[in-house]
Each structure stands twice: as C-alpha cells, then as structure tokens.
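# Structural description and commentary
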Amino acid sequence: MVRRLKDDELHGKQGKHDAPGGGWQSIKATESHFLREKVPFKGNGLMFKINHPNGGFECPSCAWPNPEKPGPAEFCENGAKAVAWEATAARTTPEFFARHTVSELHGWSDHALEKQGRLTHPMRYNPATDKYDPIDWETAFREIGERVAAFDPKRVELYTSGRTSNEAAFLWQLYGRMLGTHNFPDCSNMCHETTTVALPQSIGVGKATTVLEDFEHTDCVFLFGQNAGTNSPRMMGLLHEARLRGAEVITFNPLRERALVKFANPQTPRDMLTNHGVPISSQYHQVRIGGDIAAIQGICKHILDVDDEARASGAKGVIDHDFIAMHTDGFSAFADHCRNLSWARIERHSGLERAAIEEAARAWMRSERVICCWGMGITQHIRGGDNVHQILNLLLMGGHIGRRGAGACPVRGHSNVQGDRTVGIFHKSGEAFLAKMDEVFGIECLREHGHDVSLCCEAILRDEVDAFLGMGGNFFRAIADQARVAAHVGDIPLTVQIATKLNRSHLIHGKAAYLLPALARTEKDIQAGVEQTITIEDGMCNVQGSKGALEPASEHLRSEIAIVAGLGKATFAPNPKVDWEWLAEDYARIRDRIEATQPDTFYDFNQRLGEKGVFHLDIAARDRIWKTDSGKAHFLFPDDHLTEDASEPGDAHFQLLSIRGHDQFNTTVYSLDDRYRDIYGTRMVLMMNPADIEKHGFQAGNRVTLRAVSDDGIERRVSGFKIIAYDLPENCLGAYYPEVNDLIPLANRDRQSNTIAGKSIPVTLELMSTEQVEAETGVLATG
Ligand SMILES: Nc1nc2c(c(=O)[nH]1)N[C@H]1C(S)=C(S)[C@@H](COP(=O)(O)OP(=O)(O)OC[C@H]3O[C@@H](n4cnc5c(=O)[nH]c(N)nc54)[C@H](O)[C@@H]3O)O[C@H]1N2
Ligand SMILES: Nc1nc2c(c(=O)[nH]1)N[C@H]1C(S)=C(S)[C@@H](COP(=O)(O)OP(=O)(O)OC[C@H]3O[C@@H](n4cnc5c(=O)[nH]c(N)nc54)[C@H](O)[C@@H]3O)O[C@H]1N2
Ligand SMILES: [Mo]
C-alpha cells in the first residue's frame, strides 16, 4: 500500500551527535508534552503518584520495575509523555465522528488520529453513512453478545495488548474460554514471545532471573538489541550508577544509540549542573543486523581458548566448570561447536573484528557477576530463539544465574505484557491451568491450541475469522504484512475494539463494528461506590497494585473489567459460578479467582497485595532449580547456523531493521521528532550507511521505494522514504515502525515462537523519479 506523504513529513534534517541522552532536554520535553496536551504539570501532584505502589498508579508506558523505595518523582521523560497523552484535555466525541467518514479518516496519519484525544462514547459503525454513531452500552453489549454467541468459537479471535490489567486480562480469557475458543493472539507474539518460548528451553523459566538490586552488585552488563534511553529510560539511572561504580557496560547494537553512548541523569544534580553526562557503554559493538549469534559464539570461542590454555598449564581456568557440571548439560557439544568455528566466518557474520569480540570476552572474564539484557533487536528475528539461547550460553558458562549481581534480564515492553500472560492469556495453555479453570468456573475449556498473532493473521487471510475482538492495542497497524491482512478485515462479520484513543485499527473494521471506550490506568475506577485497585506484573516479576488518580475523561467510560463483564453477561446463559456483575463490583473477587486457578503462583494474592502493595513472583532459576525436562539448564545452539547460505551477509539485498523513535509509544506517535537520532519533523526516513549510499549510486536526500524480498511471489513495497546518511553497518538499513510494516512477510518470523521478524526485513531499493515523488506527495520533494 502506498501511503501519501503529508507536507510536514517532507522536512527531515539530521544534525550532530554531541549532547548526552537525558539531561535538561529531557526535563524540557517532559514539560512541553504536558503543555501540549493541556494537562497541568505542576501543582496537581499527578507525577508524584506515578509508580508508587501504595495508592499511586503504575506508569502506563514500559515494564521496567520500580525501586523498592520509590523516589518522590519516580518517572522518566517517556513515562511522562505516556501519562500526558492519556490525561490529555482533547476528546474524540460523537460530534467528531459525525463530521468525518471512516473513509476520510483513512487519509489521516496515525499521529493525527490519536491526537484527537480520548474516546468518550461507545460507538457503532453505520455502513449507510460510513460513520460511527453513538450507541448506549446495553444495546452494544446485547448486539455483540448475541452475535458472538452464534459464531463458531474457533472462528473468534480475542486480542490482548499489554496495557491491560491482570484482572481485565483474566476475565478476558475467561470470556474466551467460556465461548470455547483458544484463540488469544497477544501483543507479546510480536515482542518477547521469542523469550517466552526459548528461555524456558535453556533454564526452565521464561522471565527475568534478575531483580533491580542485582544491578547494584553487578560487574558487567551486556546489552543486546535494546534501546533503553528511549524505551525503558528508568533503566538508564541504574546503568549510570553502575558505570560510576566502575562496572562495565558492553553494548551490541547496529546503531549507536545516543543514551547508550553517554547519558546525563535528570535525577542527578551533578549531571544536570554540567550537562556532560556519563559514558554508558564501556564497549560499543556495532554488530551487523542478525549477527548476534556469531558475535556471542565468537565471545564464547575466545573464552574457551583462554580457558583451555589456562587449564593445560594447570591453572584454574576462567569458566565455571563446577556450575556447568552440577547444573547443566550440552556444554561440551556447544564448546566444540564454538571451537570449530573459524574467525573468518564469525567476523563476516557478526560484522565485527576478532579483536573487538575478544575485548568483549575479556570484560566477561574480568567479571564475577554478569547480567545480560536484551530487547527487540534479539527477539524479532527468524533466529530470535537461537539468539536467546546464545545469550543464555554466555551466562551459563560463567554460572551467572542464581547469583547476586548476575542473571538474565529480558527487558519487556508494555507495562503489563508479562502479567497478561501469567494470568492466562495464552493460545497454548497447559492442562493444569485449564483443569483449574474448569473446576473454578464450572466450564469446559477447549484443549486444542489456538491462534497467536501470526496464526490469527493467516486465518484472516483465509477468511476464516467471524469475529475479532481487541482488548486495547492497534492490531491491524502493528502486525506484519499489514496491508495484505487489512484488506481482508472488511470481510470479517464483526469487529469490536476496546480502546482509549482512536487509531487505525478502528478504521480497518468488519461488516459490523463497535468501538468501546475504556477508562485509562491514570483514572479513578469506582465500582459499587468503591475505588478499585488493579494489578500489573512488571518485567522483573513484581506484582503490584495501581489506583488511578484522575477524573475519567468522560462520564460514559467503563473500565475494561466492566466492559468484559457486560459482554459476558450478554453473551452467556446465567452460570452460578460466573456472576459477571458481582465479579466486576469488587476486583479483589477477581484476584481470588486468579489465585484459585494458580494457587502456587498467586497464593494469598489479596493479602500479599494489601501488605506492601507489591510482591515478587518466585522464579525457580534464581534458586538454581531448573524446571526443564531433564532438571538441568541446557546449552543450546543451532548447528545449521553459519553454514546456511541464505543468511550470508553481503547478498544482493539489504537487511532493514524497524525501530521506535523517541517520541512514540509503539503505534502511538506523539510527535514526528526523534531527538536522540537528530531526526526532526518526519518519520519517512531511511537510515543508510554512507558507503552504501555511494556504492549504490544514491545521494542523501533521495527518495526511494523499498521492496521486500520474498519467495511467495507477493509484491510488498513502501515508497517515499528519504535516505539519510547514518552510522550503521554496511548492508544494514533502519526505518521506523509501523511505517514499514507492509514490508514484512508474515512468514518472516521466529522459527519456534512465530514472533515477527521486524528487525531483519530483506529489501531492495529503487530510486523514485521526480514524477513519482510528485505524484505520491503532491509537492516537489526538495528536502
Ligand atoms: N517510549 C517508549 N517506550 C517503550 C516503547 C515505545 O514505543 N516507546 N515500546 C515498548 C515496547 S512494547 C517494547 S517491546 C519495548 C521495545 O524496546 P526495544 O527493545 O529497545 O525496541 P526497539 O526500538 O525496537 O529497538 C531495538 C534495538 O535493537 C537494535 N537492533 C536491531 N536489530 C538488531 C540486531 O540484529 N542485533 C542487535 N544486537 N541489535 C539490533 C536497534 O538498533 C534498537 O536499538 O519498549 C517499550 N517501551
Ligand atoms: N515492524 C515492527 N512491528 C512491530 C514492532 C517492531 O518493533 N517493528 N514491535 C511489536 C511490539 S514489541 C509490540 S508490543 C506491538 C504493539 O502492538 P499493540 O500493543 O497492539 O499496539 P499499541 O501501539 O501499543 O496500541 C496503542 C493503542 O492502544 C490503545 N490503548 C492505550 N491505552 C489503553 C488502555 O489502557 N486500555 C485500552 N483498552 N486501550 C488502550 C489506544 O487506543 C492506542 O491507540 O507492535 C509490534 N509490531
Ligand atoms: Mo512490545
């Protein structure tokens, strides 16, 4: 699908990389976002309620945990943006919908749609006028309930985005299971599903083995494919402290992300006075896209060489052989695999020189306590699971699991993406949980596995979906093969979106369509006269309460929980064990049910929540208990990698990575600027290595068309991207998500978990002619 460029997207400029990440600019940006959304910043105490477990609310932005004793203002620039965006004074009212047809709104940018502000009324699509009309809640529930109940449940899809609370997610999956579906596509299927599947294969658990305190004791943090400065800014404070203490930070990332180079902590007076910042990465390795397996195996190879040599001369060695013998299997096969790799191949695949890889290995060998963190640069690859396994090999070789100051730290995205999964949003739930669900609710859950995001998209392409119900998120924008899938949505008999703000997925609708506005996390949630608390689980397994502080954006809003309860009541015959309204009147009752279905994980749920407002879920691997099939941790590696010619670097095509800008939260675009990358006023840019620009006969500023390389004969292209010279490895390109989502073939996904391969999209480039640029932009592109 070719998207029309808007005027304001034509003026991108790139400047110098000198200022540190964070600093005064960060404070300035925080204030300006509140001003822009017309939310009073000072005086209402709003920001002092963020991330305080007792009586405060959990920041709706990322999943980074809170310190045990939160500071008075425990938030970051991007958390503040998310709060301001949610608390905005702007409203998307029935009058707005009366003024604009859905077809017209299709021409608006993602930014412009959400910018209209908070949704205020339940709405129903009217095909006669091509507009959304207001509808009352009870009618909406009745109409949706009657229709959903009549469909084949295996043709119903229930999507969940990760901002949804544990309580709402639990009811949501109850709703699905009562229907008889196991189709729970979830935003994690585009995100850390790779980790959720691969990590248990290595160590028996799919979550972080670190807690925040480990960062205070660590000697060395490896950061793989994660842009903390933008996406989990509160992590920067810890890295900053670790560096000041003398710990090392070793970064692997094709892009030099500014905050990972140098960072001034806005919460530290010294940095703010000088505005110089602290160097964060002691080593920065600009690995080739998809080159992490080779890089990590190269590190391991060098460690093994040093260890072999030391032990040959009678010394102790540098590997934790006791740990390996007692706790793991598969080590010798992995070690032999690394020993047999040639440096020439490692260098070619990683894009790094042997000397650089050895330097990273030396940092590992110097360190008693190593933490490895990773993000989307690791998970969103066809070999994402293999990536995760290699990171774990690096940790296991040093016994860095179950030791203070060490561990595996997948940095999760959405603030409750982890909790939603824990309480039951899963398309392959196991027997133990399902049996409990049956028992507690007197139902019979479907055992057959259901759809994740990829399988849901394929079902939509085959026209095998009768109803798509979205709990938050922006599914039809965030997915791979976006345009192809979107083209089939019009044939779906029913789409329902539960949302806070208008987005593209509300325009890409089924034959019958409903838009149901939900309370946001910052807002007071009163049920049966009592203010309610919801819970979330952060990326380090802390379950904590959250209570909104603001008046709701509209009197017509309902909480996500009340909405599911309304749907449940309208869909099913009365069931004495599932009294929807009674459950929704007091969220503690839902927590009791969560406990009843998973007593080992959530024992004394309400009581533990009441005590401190937060508790940590047990992670067996922290105690060196390995819940794998053999009871040991496994060294795993793909034996076909590096011999497979398809993944050879330097092919006729480029590898494109898709990333987030600094002023965006996923598909929510706060502004067109990306301060840390010196890109302003446009997101339609293509980051390209200067040598590649020259080699391929382009010039910076040229507009190009990107075509996906795939063998399914389907043409996928996007146009109008402006080339900017950027410091990233040759043959690698960078652009923003979701602007390039049309390009990703659905089949390009992690081999085991189906996570979309948004970080290695094979593409070719074509210069656009002046006529094409003019035709597609309506203006002569000179910028
Ligand atoms: N402000 C803000 N915060 C957010 C979000 C947001 O959009 N805005 N999104 C939230 C969500 S849902 C998530 S999942 C997280 C995402 O947080 P990140 O995981 O940081 O996500 P990305 O922006 O996709 O950046 C991935 C990084 O990986 C690098 N990379 C790409 N390919 C490779 C590779 O092959 N190897 C290596 N080593 N690196 C690579 C990229 O250059 C980039 O720095 O953030 C969460 N927090
Ligand atoms: N190419 C490419 N594609 C990607 C990625 C990538 O890096 N590259 N990243 C992937 C990742 S990591 C993720 S997590 C997905 C994200 O996919 P999603 O989670 O589906 O998308 P979001 O953009 O986070 O959803 C934003 C919308 O959520 C709604 N919303 C916000 N807050 C609330 C709330 O409290 N309640 C309700 N009901 N609705 C709310 C608003 O209407 C808003 O428009 O995208 C994935 N897609
Ligand atoms: Mo994510």
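If you look the protein up in an unreviewed UniProt entry, it shows as Formate dehydrogenase from Salinicola socius. In its Sequence similarities (unreviewed entry) section, the UniProt entry covering the protein states "Belongs to the prokaryotic molybdopterin-containing oxidoreductase family."

### Let's talk about the pattern of salt bridges
The final tally for this structure, using the stated rule, is 46 salt bridges. As a salt-bridge pair, D674 and R677 come within 2.8 Å of each other at their nearest N and O atoms. Neither residue differs from the other here; D674 and R677 are each classed as buried. A single network of salt bridges, built from pairs that share partners, joins E77, K81, D663 and R675.

### A word on the site of ligand 1
The environment of ligand 1 is formed by 30 residues, the closest being N253, E257, D292, Q664 and N666. One nitrogen or oxygen atom from the main chain of G225 is found 3.3 Å from an oxygen atom belonging to ligand 1. In the environment of ligand 1, an oxygen atom lies 2.7 Å from a nitrogen or oxygen atom belonging to the backbone of N666. Protein contact buries 99% of the 920 Å² of open area that ligand 1 shows by itself. Mapped by element, the contributors of at least two residues to the shell around ligand 1 are α10 (228-231), α19 (376-379), β25 (654-659) and β26 (664-665). Partitioned by chemical class, the residues of the shell around ligand 1 number 11 nonpolar, 15 polar and four charged. Looking at which domains feed residues into the shell around ligand 1, each of domain 2 (193-410) and domain 3 (653-782) gives three or more.

### Some words on the state of the cysteines
Here, the word disulfide means a covalent bond between the sulfur atoms of two cysteines. A complete count under the given rule lists zero disulfides for this structure. The thiol of C373 is not disulfide-bonded; the next cysteine sulfur, from C409, is found 4.0 Å away. You can call C373 buried: its relative accessible area is 0%. Here C445 stays free of any disulfide, with the sulfur of C456 as its closest cysteine sulfur at 20 Å.

### Focus: the packing of helix α29 (residues 587-597) against helix α31 (residues 605-612)
One can describe the packing of α29 onto α31 by two numbers: an axis separation of 8 Å at closest approach and a directional angle of 125 degrees. Put simply, α29 runs oblique to α31. Residues A588, R591, D592, I594 and E595 of α29 form the contact with α31, whose own contacting residues are F605, N606 and L609. Residues of the contact of α29 with α31, tallied by class, amount to four nonpolar, one polar and three charged.

### Comments concerning helix α20 (residues 384-397)
Count 3.6 residues to each turn of an α-helix, and residues three or four apart come out pointing the same way. Spanning 14 residues, α20 covers 20 Å between terminal C-alpha atoms, matching the ideal 20 Å at 1.5 Å per step. Counting buried positions along α20 gives 14 out of 14 residues, so the element sits mostly inside the fold. Backbone geometry just after α20 places G399 at a positive phi near 65 degrees.

### A look at the sheet that holds strand β21 (residues 534-537)
Within the open sheet, the three strands sit side by side as β21-β22-β23. Their pairing is antiparallel. Looking along the sheet, the strands with just one partner apiece sit at the ends: β21 and β23 (614-616). Ignoring which end each strand starts from, the neighbouring axes of this sheet average 20 degrees apart. One ladder, built from four bridges, connects β21 with strand β22 (residues 542-546); its direction is antiparallel. What sits directly across from T535, in β22, is G545.

### Quick notes on the side chain of E167
By the secondary structure assignment, E167 is in helix α7 (residues 166-179). According to the relative accessible area criterion, E167 is buried, its value standing at 0%. Sequence-distant contacts of E167, defined by excluding residues within four places in its chain, comprise I534, T535, I561, Y587, I590, R591 and I594.

Parameters and conventions
Residues numbered from 1 in each chain as written. Chains lettered and ligands numbered in written order. Predicted model: local features only at pLDDT ≥ 70, side-chain atom pairs only at ≥ 80, totals over all residues. Heavy atoms only, no water. UniProt positions renumbered as here; feature names shortened; annotations may be inferred. Salt bridge = Lys/Arg side-chain N within 4 Å of Asp/Glu carboxyl O. Buried < 20%, exposed > 50% of the residue type's maximum accessible area, 1.4 Å probe, protein only. Near = heavy atom within 4 Å. Polar contact = N/O pair within 3.5 Å; in protein donor to acceptor, adjacent residues only side chain to side chain. Areas by Shrake-Rupley, 256 points an atom, 1.4 Å probe, with all protein chains shown as cover. Helix = DSSP H or I, 4+ residues; strand = E, 2+ residues; numbered from the N terminus. Nonpolar A, V, L, I, M, F, W, Y, C, P; charged D, E, K, R; others polar. Domains from an automatic or database assignment. Disulfide = S-S within 2.5 Å. Axes fitted to C-alpha atoms, helices over the stretch in contact; angles between N-to-C directions. Parallel < 35°, antiparallel > 145°, perpendicular 65-115°, else oblique. Contact = heavy atoms within 4.5 Å. Expected span 1.5 Å × (residues − 1). Pairing = 2+ DSSP bridges.

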